[in-house]
Amino acid sequence: LWIVTAAYVERPTSFHHVPSDRLAALAFLRTQVPHGEIVVHPWAHDLIRNDARPDEVAWVYKRHFTLASNLAGCQMFYEGREDHLFINGFVTAEEVYRRRRLRDEFYDSPSDETVREVIEGGRVQRIVADPESPAPATVCASWRLRFESAGVKIYSP
C-alpha cells in the first residue's frame, strides 16, 4: 500500500517520447490499413528518458512492437520481446528468433532472399521505413509509396 501511495503522490519523471512522424504513421496504419494486413516496421526498442537528464537514456523500452501493433490496430511481422512471445508455447523460440534476425537484416543489410522471406514468408503487405532504417531498394523501386510524414514512409504493393 505504501509503494502504491508513494507512486501516486510522486510526480512521474520518466517519459517515452514517440516522435510525431511515427505517431502519424501509426495513425495512418490504424485508419487506412484493412484489418488483417501484416506490417513490418523498424522500431524494436524505444529509449526512455528522465526529466532531470533528458539527453541521456534512462532505460530501454523493449516492447515497441507490441505498442505499435496496439496503436495501429495491425498485426506486425515481429511483435514484442522475444521471451514474451514464446513463453507460453504459442510460437517456438527458434521461430521467434528467426523472425527477429530476418527483420533486422531486412532493414540493415537485406539480401534478395531476406526481402523475399520477410515479404512472402511473413505475408507482409505494408512496410514502414524511416531515415535510420530505409526500405530495401527493391521495395522502393517496385512498391507504391502510400504515406510519408517527415522521414517516415509506408509502402505497399
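Each chain carries its own residue numbering, running from 1 in the written order of its sequence. In keeping with the predicted nature of the model, local features appear solely for residues at pLDDT of at least 70, side-chain atom pairs appear and are counted solely at 80 or more, and the whole-chain, interface and lining totals rest on all residues. In computing side-chain values, all of the structure's heavy atoms are included and hydrogens and water are not.

**Quick look at the nonpolar core**
We call a set of buried residues a nonpolar core when its members are Ala, Val, Leu, Ile, Met, Phe, Trp, Tyr or Cys and they connect through side-chain atoms within 4.5 Å of each other. For the exposure calls, accessible area comes from a 1.4 Å probe over protein chains only, and a residue counts as buried if that area is under 20% of its type's maximum, exposed if over 50%, partly exposed in between. Judged by nonpolar contacts, the single largest core of 15 residues is most densely connected at Phe 106, Ile 119, Ile 127, Val 139 and Tyr 155. In this text, helices come from DSSP runs of H or I with a minimum length of four residues, and strands from runs of E with a minimum of two, each type numbered from the N-terminal end. When contributions to this core are tallied by element, the ones reaching two or more residues are strand E2 (38-40), helix H5 (93-108), helix H6 (112-121) and strand E6 (124-129). Contact partners of Phe 106, with chain neighbours within four places excluded, come to Val 40, Thr 114, Val 115, Val 118, Ile 119, Ile 127, Pro 136 and Val 139. Within the second largest apolar cluster, 14 residues are counted, among which are Val 33, Cys 74, Phe 147 and Val 152. What makes two residues a contact is simply this: any of their non-hydrogen atoms within 4.5 Å.

**Topic: the pattern of salt bridges**
Salt bridge, as used here: a side-chain nitrogen of Lys or Arg that lies within 4 Å of a carboxyl oxygen of Asp or Glu. Evaluated as defined, the whole model comprises five salt bridges. Here Arg 126 and Glu 37 are joined by a salt bridge, their closest N and O atoms 2.9 Å apart. Of the two residues, Arg 126 is situated in strand E6 and Glu 37 in the loop between helix H2 (20-32) and E2; the sequence distance between them amounts to 89 residues. A relative accessible area of 10% places Arg 126 in the buried class.

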